[in-house]
Amino acid sequence: MKYISAEALLPEDLLKEIQKYVQGRMVYIPNSEGSRKKWGEKSGNRNYLNLRNSQIHQKFGEGSNIDQLSELFSLSHDSIKKIVYSKNN
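Participant: What should I look at first to understand the overall build of the protein in this one?
Facilitator: Helix and strand content of the protein: five helices and zero strands. Counting from the amino terminus, helix and strand elements in the protein follow one another as α-α-α-α-α. In summary, the protein has a C-alpha radius of gyration of 24 Å against a globular reference of 12 Å for 89 residues, an excess of more than 25%. By principal-axis analysis of the C-alpha atoms, the protein measures approximately 70 × 20 × 20 Å.

Spelled out as structure tokens, the structure:
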């Protein structure tokens, strides 16, 4: 987390109002509701997993069995079953 001086960032009247509550201490101000990204969106992991799961669903629909998919995607038998039998896709 990067430190930013309130004097350089906030209007003077807002700074004085905040100083009524806290002075000389660090205050964390969270992102506004809705601006926070879900897990994996920033790094691309969410897209990767969605694509991988779609490929698993497709191959299962084409006739690959759980054991074959487990070997192909290096996932456990149970993980493949969860993906294949989920209602997400």
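Participant: Sorry if this is basic, but what is going on with helix 3 (residues 45–61) here?
Facilitator: Along an α-helix, residues three or four apart share an orientation, since each turn contains 3.6 residues. The end-to-end C-alpha distance of helix 3 is 24 Å, a good match for the 24 Å that 17 residues give at a rise of 1.5 Å each. Along its buried surface, helix 3 packs onto helix 4 (66–73) and helix 5 (77–84). Phi for G63, located one or two positions after helix 3, is positive at around 115°.

Participant: Would you mind showing me how to read the pattern of salt bridges here?
Facilitator: Within the structure shown, the criterion is met by two salt bridges. Linking K16 and E12 is a salt bridge whose minimum nitrogen-to-oxygen distance equals 3.5 Å. Of the two residues, K16 and E12 are both situated in helix 2 (residues 12–19); the distance of four residues between them amounts to about one turn of the helix. Linking K20 and E17 is a salt bridge whose minimum nitrogen-to-oxygen distance equals 3.1 Å. Classification of K20 as exposed rests on a relative accessible area of 63%. Taking relative accessible area as the criterion, E17 reaches 34% and is therefore assigned partly exposed.

Participant: What am I meant to see in helix 5 here?
Facilitator: For helix 5, the full list of buried residues reads I80, I83 and V84. Down the axis of helix 5, the buried set is contained in an arc of 95°. They therefore lie on one face. Residues D78 and K82 are exposed on helix 5 and point more than 90 degrees away from its buried face.

Participant: Whenever I open this one, the nonpolar core confuses me. Can you help?
Facilitator: Most often, soluble globular proteins keep nonpolar side chains buried together rather than apart. Of all hydrophobic cores here, the largest spans eight residues; its members are I56, I66, L69, F73, L75, I80, I83 and V84. Mapped by element, the contributors of at least two residues to this core are helix 4 and helix 5. Not counting the four nearest positions on each side in its chain, I56 is found in contact with L69, F73, L75, I80, I83 and V84.

Participant: Would you mind showing me how to read the environment of L72 here?
Facilitator: Among the secondary structure elements, L72 is positioned in helix 4. For L72, a relative accessible area of 55% corresponds to the exposed category. Remark: the alpha-carbon pair of L72 and I56, spanning 16 residues in sequence, is separated by 9.4 Å.

Basis of the calculations
Residues numbered from 1 in each chain as written. Predicted model: local features only at pLDDT ≥ 70, side-chain atom pairs only at ≥ 80, totals over all residues. Heavy atoms only, no water. Helix = DSSP H or I, 4+ residues; strand = E, 2+ residues; numbered from the N terminus. Rg over C-alpha atoms; globule rule 2.2 N^0.38 Å. Expected span 1.5 Å × (residues − 1). Contact = heavy atoms within 4.5 Å. Salt bridge = Lys/Arg side-chain N within 4 Å of Asp/Glu carboxyl O. Buried < 20%, exposed > 50% of the residue type's maximum accessible area, 1.4 Å probe, protein only. Arc of directions from axis to C-beta. Core = buried A, V, L, I, M, F, W, Y, C linked by side-chain atoms within 4.5 Å.

Structural measurements only, silent on function.
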